[in-house]
Amino acid sequence: MAGGAADCQFWTRVVAKYCTLYELREKTPITVAAASKYFANALYEYKGQGLSVGSMVCGFDKRGPAIFMVNSEGDRSQLKVCSVGSGSLNAYGILDNHWKAKMTDEEAKALGWRAIMHATYRDAGSGGVCNLVHITPDSKIRYPGRDVSQLYYEFAQELGRDIAYEPHDE
Amino acid sequence: MERYDRAITIFSPDGHLFQVEYANEAVKKGSTAVGVRGKNCVVIGVEKKTIPTLQDDRTVRKIHMIDDHIMLAFAGLSADARVLVDRARMECQSYKLRLEDPVTVHYISRYVADTKQRFTQSPGRRPFGIAMLVAGFDYDGRPRLYKTEPSGAYYEYFANSTGRGEKAVREFLEEKYNDENVQDEAATLKLVVKALSQVVPSGASNIEIAVMTSATGKPGECHQRVLTTEEVDALLKVVEAERQATEAEEAARKEAARTGAPKQQ
């Protein structure tokens, strides 16, 4: 999620409550489509009243993997590649360049880290720690947070670049 | 005892809700309906009451479609049923809008049952005088059958009946329902016709049967059809022929036993 921190915290819990109740009542996990639709409908009630939420609802359900982008403007779209937040344009630059329809898990994770790293590098409103979750049909694997400045060095190395300026006497 | 059936919000001293029990009596007055869940189909059969000569036959319907993949039949007060059927239809569409998925048979049965229960716990209202058989397919292609009662109770069944001939039909089904008798559409249809014939005067004009099957390969796609009078006639003939065949067999066996027994003595 991106946008107002309070809004994001609050609405995650509201949606989580609905998802848990759904699973208890129906004895089957909720679909990504349903959870994101509930979220979008809830946000739409507050349209124009100043909520600031940009979110991606992602998961695996009986229809397969899905990503839905839901925001406080009332937009809800199913996407294959998604980025939200102030640094999203920078991230899109990396995603649009390297994303392929068929990627291995490792490639996908590397792309995720790379996109975040580039977004935090160039956007003042992004930074800190990069958290990654890998969602599979039966599990959600959470990777430890990686400091983005350390993440930079990982990618800088392959580009042959260093953060410190080195003057050239030429 | 009379004091405790005025308002249904009151329990009687021995724990009865009399209005709910009286609602069950209204159900028992209704024409019989039977539902059977087959291996890959669901069949609902209803007794067609004789209608007044001046009534246009087309307006009489006992088997209703609730959504593309769910149908139901009821026994009891038809006005109450009309209202509940409409609510169920609205809920199906509302669910589809909210969840982007068709309802499961379980969900809509529970919704109808919840509505019925609410009316047993509200002041100034009376319970619905209907029992419903809700049949259909879930998204995963599994057929399901539920029965809801005026009290708001609902259970899933392999087969059940409601209405006037409820007991007799159910006893028949308890005896005859097994995997072999419902292995395909034809077998299930025969079972339903046999069950209904226990309580309904024989004749294609007295029986209406609807069958729902799931198209193989595409989840969520269902086909429902109401059997024509000719098809029902044909089924009745097959059932009658089988009955006569078993009767003849029985008679032959008895004859053989009778002639055989004295020798052993």
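Residues numbered from 1 in each chain as written. Chains lettered and ligands numbered in written order. Predicted model: local features only at pLDDT ≥ 70, side-chain atom pairs only at ≥ 80, totals over all residues. Heavy atoms only, no water.

Named according to an unreviewed UniProt entry, chain B is Proteasome subunit alpha type originating from Mesorhabditis spiculigera. Among the UniProt annotations of chain B, the heading Function (unreviewed entry) holds the following wording: "The proteasome is a multicatalytic proteinase complex which is characterized by its ability to cleave peptides with Arg, Phe, Tyr, Leu, and Glu adjacent to the leaving group at neutral or slightly basic pH. The proteasome has an ATP-dependent proteolytic activity." (UniProt positions renumbered as here; feature names shortened; annotations may be inferred.)

Labelled according to an unreviewed UniProt entry, chain A appears under the name proteasome endopeptidase complex, originating from Mesorhabditis spiculigera. The Subcellular location (unreviewed entry) comment attached to chain A in UniProt states, word for word, "Nucleus". Under the Catalytic activity (unreviewed entry) heading, UniProt states for chain A: "Cleavage of peptide bonds with very broad specificity."

## Some thoughts on the overall build of chain B
Along chain B, the regular secondary structure elements total six helices and 10 strands. With the C-alpha coordinates aligned to their principal axes, the bounding extent of chain B is approximately 75 × 55 × 45 Å. Looking at chain B residue by residue over its 265 residues, the buried ones come to 44%. Considering only residue pairs separated by 6 or more positions, chain B has 63% of its internal contacts joining residues 24 or more positions apart. Carbon and sulfur atoms provide 52% of the accessible area of chain B, an area that totals close to 14,300 Å². In chain B, 38 side chains carry a positive charge and 39 a negative one; their mean positions are 3 Å apart. (Helix = DSSP H or I, 4+ residues; strand = E, 2+ residues; numbered from the N terminus. Buried < 20%, exposed > 50% of the residue type's maximum accessible area, 1.4 Å probe, protein only. Contact = heavy atoms within 4.5 Å. Areas by Shrake-Rupley, 256 points an atom, 1.4 Å probe, with all protein chains shown as cover. Lys, Arg positive; Asp, Glu negative; His and termini not counted. Charge placed at Lys NZ, Arg CZ, Asp CG, Glu CD.)

## Focus on the interface of chain A and chain B
Listed as interface residues are 11 residues of chain A and, on the opposing side, 10 residues of chain B. Interface of chain A and chain B: buried area, both sides summed, is about 960 Å²; carbon and sulfur atoms make up 35% of it. For the chain A face of the interface with chain B, the top three residues by lost area are E26, K37 and R63 of chain A, together amounting to 44%. Counting across the interface, chain A meets chain B through five salt bridges. The salt bridge involving D101 of chain B is made with K62 of chain A; its shortest N-O contact spans 2.9 Å. Remark: the boundary between chain A and chain B carries nine residue pairs in polar contact (both at pLDDT 80 or more). (Buried area = accessible area lost by both parts, 1.4 Å probe. Salt bridge = Lys/Arg side-chain N within 4 Å of Asp/Glu carboxyl O. Polar contact = N/O pair within 3.5 Å; in protein donor to acceptor, adjacent residues only side chain to side chain.)

## Concerning the pairing of strand 4 (residues 76-79) of chain A
All names here are of chain A. Summarising the sheet, strand 3 (residues 64-71) and strand 4 pair through four bridges and their orientation is antiparallel. Residue M69 lies in a different strand from strand 4, and its bridge partner there is S77. Between strand 3 and the antiparallel strand that follows it, strand 4, lie four residues; G74 among them carries a positive phi value of about 105 degrees. (Pairing = 2+ DSSP bridges.)

## Re unusual backbone geometry
Peptide bonds are trans in most cases, and residues, glycine excluded, mostly fall at negative phi. Its identity is not glycine, yet K27 of chain A carries a phi of approximately 60 degrees, on the positive side. For E100 of chain B, which is not glycine, the phi dihedral falls at a positive 55 degrees. Positionally, E100 of chain B belongs in the loop between helix 2 (78-99) and helix 3 (105-118).

## A word on the sheet that holds strand 4 of chain A
Across a sheet, paired strands are connected by hydrogen bonds in the backbone, their directions being either parallel or antiparallel. Ordered by their spatial adjacency, four strands build an open sheet running 1-2-3-4 (chain A), and the pairing between neighbours is antiparallel. One side of each edge strand has no neighbouring strand; the edge strands of this open sheet are strand 1 (2-3) and strand 4 of chain A.

## Description of the state of the cysteines
One pass over the structure, following the stated rule, counts zero disulfides over all chains. The thiol sulfur of C8 of chain A is not disulfide-bonded, and the nearest other cysteine sulfur, from C82 of chain A, lies at 13 Å. On the basis of relative accessibility, which here comes to 9%, the residue C8 of chain A falls in the buried class. Free cysteine: C222 of chain B, not disulfide-bonded; nearest cysteine sulfur from C41 of chain B at 12 Å. (Disulfide = S-S within 2.5 Å.)

## Notes on the packing of aromatic side chains
If you walk through the whole model with that rule in mind, you get 13 aromatic pairs over all chains. Taken together, a centroid distance of 5.8 Å and an interplanar angle of 80 degrees make the contact between Y152 of chain A and Y153 of chain A edge-to-face. Of the residues examined, Y152 of chain A reaches a relative accessible area of 8% and is grouped as buried. Residue Y153 of chain A is classed as partly exposed on the basis of its relative accessible area of 38%. A connected cluster of aromatic rings, assembled from ring pairs, spans F10, W11, F39 and Y46 of chain A. A cation over an aromatic ring shows up here: K62 of chain B above the ring of F74 of chain B, its NZ or CZ 5.3 Å from the ring centre. (Phe/Tyr/Trp six-rings, centres within 6.5 Å; stacked < 30°, edge-to-face > 60°. Lys NZ or Arg CZ within 6 Å of the ring centre and 35° of its normal.)

## Some thoughts on the side chain of K109 of chain A
Here K109 of chain A shows up in helix 4 (residues 105-122). In this view, K109 of chain A contacts L132, H134 and Y143 of chain A; residues no more than four positions away in its chain are not counted.

## Comments concerning the sheet that holds strand 8 (residues 159-162) of chain B
Residues and elements named next belong to chain B. Reading across the sheet, the five strands line up as 8-1-2-9-10 and stay open at both edges, with antiparallel pairing between neighbours. The sheet is open, and its two edges are formed by strand 8 and strand 10 (222-226), each paired on a single side. Neighbour-to-neighbour, the strand axes of this sheet turn through a mean angle of 10 degrees, independent of strand direction. The sheet contact formed by strand 1 (residues 33-37) and strand 8 spans four bridges and is antiparallel. Paired with A33 across the bridge in strand 8 is T162. (Axes fitted to C-alpha atoms, helices over the stretch in contact; angles between N-to-C directions.)

## Quick notes on the packing of helix 2 of chain B against helix 3 of chain B
All names here are of chain B. Contact geometry for helix 2 and helix 3: axes closest at 10 Å, N-to-C directions at 130 degrees. Here helix 2 lies oblique to helix 3, going by the angle between them. Two packed elements cross with a definite hand, and for helix 2 against helix 3 that hand is right-handed. Side by side, helix 2 and helix 3 meet where L84, R87, A88, E91, C92, Y95 and R98 of the first sit next to Y107, I108, Y111, V112, T115, K116 and R118 of the second. Class assignment for the residues of the contact of helix 2 with helix 3 results in eight nonpolar, one polar and five charged. (Parallel < 35°, antiparallel > 145°, perpendicular 65-115°, else oblique. Left-handed = near helix turned anticlockwise from the far one by under 90°. Nonpolar A, V, L, I, M, F, W, Y, C, P; charged D, E, K, R; others polar.)

## Remarks on the confidence of the model for chain B
For chain B, mean pLDDT is 89; residues scoring 70 or higher make up 92% of the total. Looking at the elements of chain B, mean pLDDT is at its lowest for helix 6 (residues 229-264) of chain B, recorded as 85, and at its highest for strand 7 (residues 154-156) of chain B, recorded as 97. (pLDDT = per-residue confidence, 0-100.)

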